[in-house]
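Chain residues, written in single-letter form:
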Amino acid sequence: MNEKIRKRPVILDGDPGHDDAIAWVLAATADEFDIRAITTVAGNQTLEKVTYNARRIAALLKLDIEVARGRNRPLCSDLIIAPNFHGETGLDGPALPEPDHELSSLSAPEMMAKVLQESEEKMTIISTGAQTNVAALLLSHPELKEMIEMVSTMGGGLRNGNWTSGAEFNILVDPEAAYTLIHSGVKLQMCGLDVTEKALVYPEDWERIRALNNPVARIVAEWFDFFFIHVKSLGWSGATTHDPCAVMSLLHPEIFDIRDYYVDVELNGKYMRGATIADYNGILGKEANCHCVVDLDREKFVDYLIQACAKFEGWEVNL
Ligand code: RIB
Ligand code: CA
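Residues numbered from 1 in each chain as written. Chains lettered and ligands numbered in written order. Predicted model: local features only at pLDDT ≥ 70, side-chain atom pairs only at ≥ 80, totals over all residues. Heavy atoms only, no water.

Observations concerning the overall build of the chain
What the chain contains, in helices and strands, is twelve helices and twelve strands. Over its C-alpha atoms the chain spans a radius of gyration of 18 Å, differing by no more than 12% from the 20 Å that the globule rule assigns to 319 residues. Considering only C-alpha atoms, the chain reaches an extent of 55 × 50 × 45 Å along its principal axes. When burial is assessed residue by residue, the chain has 58% of its 319 residues classed as buried. Of the roughly 13,300 Å² that the chain leaves accessible, carbon and sulfur atoms contribute 49%. Seen as two clouds, the 29 positive and the 48 negative side-chain charges of the chain have centres 1 Å apart. (Helix = DSSP H or I, 4+ residues; strand = E, 2+ residues; numbered from the N terminus. Rg over C-alpha atoms; globule rule 2.2 N^0.38 Å. Buried < 20%, exposed > 50% of the residue type's maximum accessible area, 1.4 Å probe, protein only. Areas by Shrake-Rupley, 256 points an atom, 1.4 Å probe, with all protein chains shown as cover. Lys, Arg positive; Asp, Glu negative; His and termini not counted. Charge placed at Lys NZ, Arg CZ, Asp CG, Glu CD.)

Here you go:
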């Protein structure tokens, strides 16, 4: 019997950003997902740039969804951006279609609240940028927490950072937002650097994607080409494919190692602000508040990524 797949209603919130873009390609091909909203947050680049990128990605993927713009800066601190990784546009590299939907008149938190209020079932928020919008939603609509099945986020690192030695970029952009989320009581699955720095996609892997030779696969390969320029200069032999982990760990949890820990966010350290600290040995005596994704089967990760890109055979892209 062809059992109807129970679709998971999701909201994509990010700062595209090459790895956000690849994560959204993966999400768009997932039969299990029903993408209800796309929201943007400043981070990899300014809000204007990541929002324009999000709208172009939505057009590329033919998503019939309006993009809603989030906050242009973190809750409390000044914005930091990452043009060294993602370029001046935030998504340097291949040409993309122009947006084909108007920008929503709602803010990101308002859009999130709207789709949550209209939903008959709980929803999953896939957050691949600073958690500013998610925190703003939780602060302005605490009554909607019960409509959130979980937040799957790319952020943090239990053993190291990547922007400072202690802090990962998404958390460091907005530590107060991360603190708000992690103490909200909402179910949280965190793909930190512990797993995303093992989710290495090597040049020979994305050559397999390019060889699929469909319009979206070619674009994904060119996103890897660009993203790897700076990553390689830092000494990595493969592209640290961060954001797709926040999607893949929902679609194929069996290829990941997920541990439950109590995690907190350092807000005040002079050098460690934005660090995510895990109570590995339970010495704080607090209940675990985070499903920490700490490892994966890299080859299966890559295979699933390639399978997703193969679904765009015959896809028309109007540049
Ligand atoms: O530290 C990696 C994270 O920061 C990823 O989400 C990347 O897109 C940037 O936002
Ligand atoms: Ca991101």
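Still more to cover.
So, the packing of helix α4 (residues 108-118) against helix α5 (residues 132-140)
At a closest axis distance of 8 Å, the pairing of α4 and α5 adopts a crossing angle of 60 degrees. The angle between the axes of α4 and α5 places the two elements in the oblique class. α4 and α5 meet at a crossing whose hand is right-handed. In this structure, α4 contributes Ala108, Pro109, Met112, Ala113 and Leu116 to the contact, and α5 contributes Asn133, Val134, Ala136 and Leu137. Partitioned by chemical class, the residues of the contact of α4 with α5 number eight nonpolar, one polar and no charged. (Axes fitted to C-alpha atoms, helices over the stretch in contact; angles between N-to-C directions. Parallel < 35°, antiparallel > 145°, perpendicular 65-115°, else oblique. Left-handed = near helix turned anticlockwise from the far one by under 90°. Contact = heavy atoms within 4.5 Å. Nonpolar A, V, L, I, M, F, W, Y, C, P; charged D, E, K, R; others polar.)

Thoughts on the sheet that holds strand β9 (residues 256-261)
What the eight strands build is an open sheet, ordered β3-β2-β1-β4-β5-β6-β12-β9; its pairing is mixed. The strands lining the two open edges of the sheet, one partner per strand, are β3 (67-69) and β9. Taking each pair of neighbouring strands and ignoring which way they run, the sheet shows an average axis angle of 25 degrees. Bridge count between strand β1 (residues 8-14) and strand β4 (residues 123-127): four bridges; the pairing is parallel. Counted as the bridge partner of Ile11 is Ile125 from β4. (Pairing = 2+ DSSP bridges.)

What to know about the pattern of salt bridges
Enumeration over the complete set of coordinates arrives at 14 salt bridges. A salt bridge links Arg36 to Glu121; its shortest N-O distance comes to 3.3 Å. Of this pair, Arg36 sits in strand β2 (residues 33-40) while Glu121 is found in the loop between α4 and β4, placing the two residues 85 residues apart along the sequence. By relative accessible area, Arg36 is classed as partly exposed at 28%. The class for Glu121 is partly exposed, based on a relative accessible area of 33%. Taking the shortest distance from any N to any O, the salt bridge between Arg298 and Asp205 comes out at 3.0 Å. Of this pair, Arg298 sits in helix α12 (residues 298-310) while Asp205 sits in helix α9 (residues 203-210), and the two are 93 residues apart along the sequence. Exposure remark for Asp205: the relative accessible area of 6% places this residue in the buried category. Counted as one network, the salt bridges with shared partners bring together Asp34, Arg36 and Glu121. (Salt bridge = Lys/Arg side-chain N within 4 Å of Asp/Glu carboxyl O.)

As for the packing of α9 against helix α10 (residues 215-233)
Put simply, α9 and α10 touch, their axes get as near as 8 Å, and they point 155 degrees apart. Classified by the interaxial angle, the pair formed by α9 and α10 is roughly antiparallel. When α9 is examined against α10, the residues Pro203, Trp206, Ile209 and Arg210 are found in contact with a partner set consisting of Ala217, Arg218, Val220, Ala221, Glu222, Phe224, Asp225 and Phe228. Taken together, the residues of the contact of α9 with α10 break down into eight nonpolar, no polar and four charged.

Some words on the coordination of the calcium ion (ligand 2)
Binding of the calcium ion (ligand 2) to the protein goes through Asp15 (OD), Asp20 (OD), Asp20 (OD), Thr128 (O) and Asp243 (OD), at separations of 2.2 to 2.6 Å. Look at Thr128 and you get buried, because its relative accessible area is 1%. (Donors = N, O, S within 2.8 Å, 3.2 Å for Na, K, Ca; no water.)

Re the packing of aromatic side chains
Evaluation of the coordinates by the stated rule reveals seven aromatic pairs. Ring geometry for Trp206 and Phe224: centres 5.2 Å apart, planes at 10 degrees, overall stacked. Pair noted here: Trp206 is in helix α9 and Phe224 is in helix α10, with a separation of 18 residues, a long-range link. For the pair Trp206 and Phe224, a shared accessibility class is recorded, and that class is buried. Ring centres of Tyr261 and Tyr280 lie 4.9 Å apart, and the angle between their planes is 90 degrees; this geometry places the pair in the edge-to-face category. Placement of the pair is Tyr261 in strand β9 and Tyr280 in the loop between β11 (276-278) and β12 (290-296), with a sequence separation of 19 residues. Residue class for Tyr280 comes out partly exposed when judged on its relative accessible area of 30%. (Phe/Tyr/Trp six-rings, centres within 6.5 Å; stacked < 30°, edge-to-face > 60°.)

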